[in-house]
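Residue-level structural notes
Below are the chains, spelled out letter by letter.
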Amino acid sequence: LTSKRTSIEQQQKSLPVFNCRQRILKELEVNDTVLIMSETGSGKTTQIPQFLLLAGYAKNGMIGITQPRRVAAITVARRVAQELNGSIGDTVGYTVRFEDATSRATKIRFLTDGVLLRESIKDRLLLKYSVIILDEAHERTVNADLLFGIVKDAQKERRKQKLGNLKVVVTSATMDIDHFGNYFNCKGMYLEGRTYPVRVMHTKEEHEDYVHTVLVTLFHIHRTTPKNHDVLIFLTGQEEIESLAQQIRQLAKIDTTGTTDLRVFTLYAQLSQGKQLECFVPTPANVRKVILATNIAETSITIPGIRCVIDCGFVKEKSFNTADGLDVLMSVRISKAQAWQRAGRAGRDADGTCYRAYTKAEMDSFADATQPEILRTNPTSMVLQLLALDIDCNNFDFLDPPLEDGLRSAYKSLDALGAIKTGDVSYITPLGRQMVQYPLDPKYSKLLLTASSFGCMEEILSLVSVLSSDHVFVSNSDKNEMAALAHAKFQSKHGDHLTLLNVFNAFLKSEKPKMWCHDNYLNLRSLTYARNVRRQLREISEHLHLALNSSDDIEMLKKCILNGFFENIAVLQRDGFYITASGNIRSKIHPSSVLHGKYKPSYILFTEIVQTEQTFLRQVTEISIEWIKEVVPFVKNIPTR
Ligand code: ADP
Ligand code: MG
């Protein structure tokens, strides 16, 4: 144990922020806000909270550190707890959506920006905190952008009311220091990093199938470089990552006839904590570690030992079309700044190499910097959260104000949901106030808040929970037939929502969930997560005194769903395509749907729209035009058949 401690101390001292410790503390003593910019991996997230703790900043309140992602909040909290020789929930804790691992003793609290934002609704001055570190500011999530304004306002108010100054540290790997500096009215500190040179290689020609390019590149690296050079691969999402992981494992076995000199790990947001932490465990020197990650490994997490990076050049993003008010999930090109961040991951411990699955010319066409999320996503949740704080978007101090068109359509849909009343002065309704109690998109909150009047609260609780967890069904190429057979018994002719509900109900009843999931080709992790979510949503619902009734009337259940998702209606056309009511998007039912390729219902509602080469509607349920007229008579723009 002593040697483990010594090694942690040695590592801490070797981090670039260690030398700047005095400077950081000095700056924060003199100023209320400090901006710190330095390379990923220099120790900002793990060390700065500890510096502040030792300097006595946690005497009159907690040190809160926000993270854009739950994975980062959890892994980093664990690391800091370990460095302080404690366990999670004591001095160091974390709070993420649906999970709180803190106690009265907690001084350093990692939390997602969403969690802090929701706390601010109850405690606008953030009185629990003496310091707030807004970490990874360059990610510019909507929540972080809102926190910038809220924290600034809390600082001002606390100063005015003499409630103890709120110190704010804004840290980032790449940040427009001038832009932030003007906004926070403070100077930026640039900390010299310590990185090694990274050799960058592009493909010579453009390749359609980047997954194939990545695979070929990986085995080239595996044949030509020492086995202790670990590889980090950037891909877009869970499905892609799991399927490539499977392929690599199989090929690696064939390559080495049994002995494993290559171990594959995966890293993405939906993965369980345990699995995520596995990526940090070193492999023996004669075994190469290969990590397949989404852009969560871009800046918020640093994995030691990476010498090679393979970058597919894409990222999955939600983007919003102001014309139709729908969020579309799609893979888009990364920005040049992201490409350099990714390449930088190869040069933390020693010289490295970055292989890009795109040409130099392709990269020239990438945007310079990633657009802040607030400029490209649906602002509905944001508008509602601000109104819950009695802030109208038009009077909020935004770092970058959202687009007018988007705001207009957000106000419109919140009004239709009954969450707000728009007018000269817009305000939140009692229903809207209840809606913000749930950490969910307003559409889902609406379902929960109206479910008891449809008599199906328990069912909607289950449905919303299972929808909040991705990828319930396991399917991979060689088991496809068996999986399909196992899944068939859950299928509902009404569509995917009822099918998911059947799965979840059966899961909740299963006596040996692990074995049951395995036998039915279902994802234990996702379903366990959903069960946990359900418990918490049920608690909130009880708190709101909603009747926890239950019914097996499927029509009522579907009407209830329609009551929240009336913007997500699509109508079948003669040519077999569907046209969405909002935005007139030509689309098809996603191949993963139980309604795919069978009888095509005239009217459907969907919960997700995905764009690949084509536009697909995911999670689809059959509805009828009569119900639309009955339940949501204000919906006028229904396309004709
Ligand atoms: P920054 O926030 O500046 O990007 P971090 O504080 O996250 O840097 O990380 C500093 C260093 O601590 C990393 O370079 C890495 O070596 C180490 N580290 C961080 N998290 C872990 C972890 N979970 N396990 C092992 N080492 C870690
Ligand atoms: Mg960090």
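Overview of the structure. (Residues numbered from 1 in each chain as written. Chains lettered and ligands numbered in written order. Predicted model: local features only at pLDDT ≥ 70, side-chain atom pairs only at ≥ 80, totals over all residues. Heavy atoms only, no water.)

**Looking at a negative patch on the surface**
For clarity, the threshold we go by: Patch criteria: residues need more than 30% relative accessible area and no salt bridge. Like-charged residues are merged within 9 Å; nonpolar side chains of Val, Leu, Ile, Met, Phe, Trp and Tyr are merged within 5 Å. Only the protein chains shown count as cover for residues, with accessible areas throughout obtained via the Shrake-Rupley method and a probe of 1.4 Å. Note on definitions: salt bridges are taken to be side-chain nitrogens of Lys or Arg within 4 Å of carboxyl oxygens of Asp or Glu. Two residue types count as positive, namely Lys and Arg, and two as negative, namely Asp and Glu; His and chain ends fall outside the count. One atom stands in for each charge, and that atom is NZ of Lys, CZ of Arg, CG of Asp or CD of Glu. Each helix is a run of DSSP H or I of at least 4 residues and each strand a run of E of at least 2, with the numbering of both proceeding from the N terminus.
Taken together, the side chains of Glu206, Glu208, Asp209 and Glu613 present a region of like negative charge at the surface. Examined against the element boundaries, Glu613 turns out to sit in the loop between β22 (603-611) and β23 (615-623).

**Quick word on the pattern of salt bridges**
If charged atoms from side chains of opposite charge come close, those side chains can pair. Definition in use: Relative accessible area decides the class of each residue, using a 1.4 Å probe on protein chains only: under 20% of the type maximum gives buried, over 50% gives exposed, and in between gives partly exposed.
Throughout the structure, instances matching the rule amount to 28 salt bridges. Among the ionic pairs, Glu119 bridges to Arg109, the shortest N-O distance being 2.7 Å. Residue Glu119 is located in helix α5 (residues 113-122), and its partner Arg109 is located in strand β5 (residues 108-112); the two are separated by 10 residues in the primary sequence. Arg586 is paired through a salt bridge with Asp575; the nearest N and O atoms lie 2.7 Å apart. Separated by 11 residues along the polypeptide, Arg586 in strand β21 (residues 586-589) and Asp575 in the loop between β19 (569-572) and β20 (578-580) bring together distant segments of the chain. We classify Asp575 as partly exposed; its relative accessible area is 45%. Via salt bridges that share partners, Glu458, Arg534, Arg538 and Glu542 belong to a single interconnected network.

**As for the site of ligand 1**
Where we set the bar: If even one non-hydrogen atom of a residue comes within 4 Å of a molecule or strand, that residue is called near it. Here a polar contact means two N or O atoms within 3.5 Å. Within protein one must be a hydrogen donor candidate and the other an acceptor candidate, and residues neighboring in sequence count only if both atoms are side-chain atoms. Amino acid classes used here: Ala, Val, Leu, Ile, Met, Phe, Trp, Tyr, Cys and Pro are nonpolar; Asp, Glu, Lys and Arg are charged; the rest, including Gly, are polar.
Taken together, the neighbourhood of ligand 1 is formed by 13 residues, with Gly41, Gly43, Lys44, Thr45 and Thr46 sitting nearest. Taking Gly41, its main chain carries an N or O atom lying 2.6 Å from an oxygen atom of ligand 1. Relative to its unbound accessible area of 560 Å², ligand 1 is 91% covered by the protein chains. With 3 residues, helix α3 (residues 44-54) is the single largest residue contributor to the shell around ligand 1. For the shell around ligand 1, the class distribution of residues is 2 nonpolar, 8 polar and 3 charged.

**Quick word on the pairing of strand β2 (residues 62-67)**
The cut-off we apply is this: Note: two strands are recorded as paired if DSSP finds a minimum of 2 bridges between them.
By the criterion of burial, β2 is predominantly enclosed, with 6 of the 6 residues buried. Of the two faces of β2, the one lined by Met62, Gly64 and Thr66 and the one lined by Ile63, Ile65 and Gln67 are each fully buried. One ladder, built from 5 bridges, connects β2 with strand β6 (residues 129-134); its direction is parallel. Bridge assignment links Thr66 to a residue of β6, and that residue is Leu134. Where β2 meets β5, 5 bridges bridge the pair, whose relative direction is parallel. Bridge pairing in β5 links Ile65 to Phe110.

**Here we look at the pairing of strand β16 (residues 352-356)**
Burial analysis of β16 places 5 of its 5 residues in the buried class, which makes it a mostly covered element. What you see with β16 is no split at all: Gly352, Cys354 and Arg356 on one side and Thr353 and Tyr355 on the other are buried throughout. The pairing of strand β9 (residues 198-202) with β16 spans 5 bridges and is classified as parallel. Looking at β16, one finds that Met201 is bridged to Tyr355. Note: strand β13 (residues 306-311) against β16, 4 bridges, orientation parallel.

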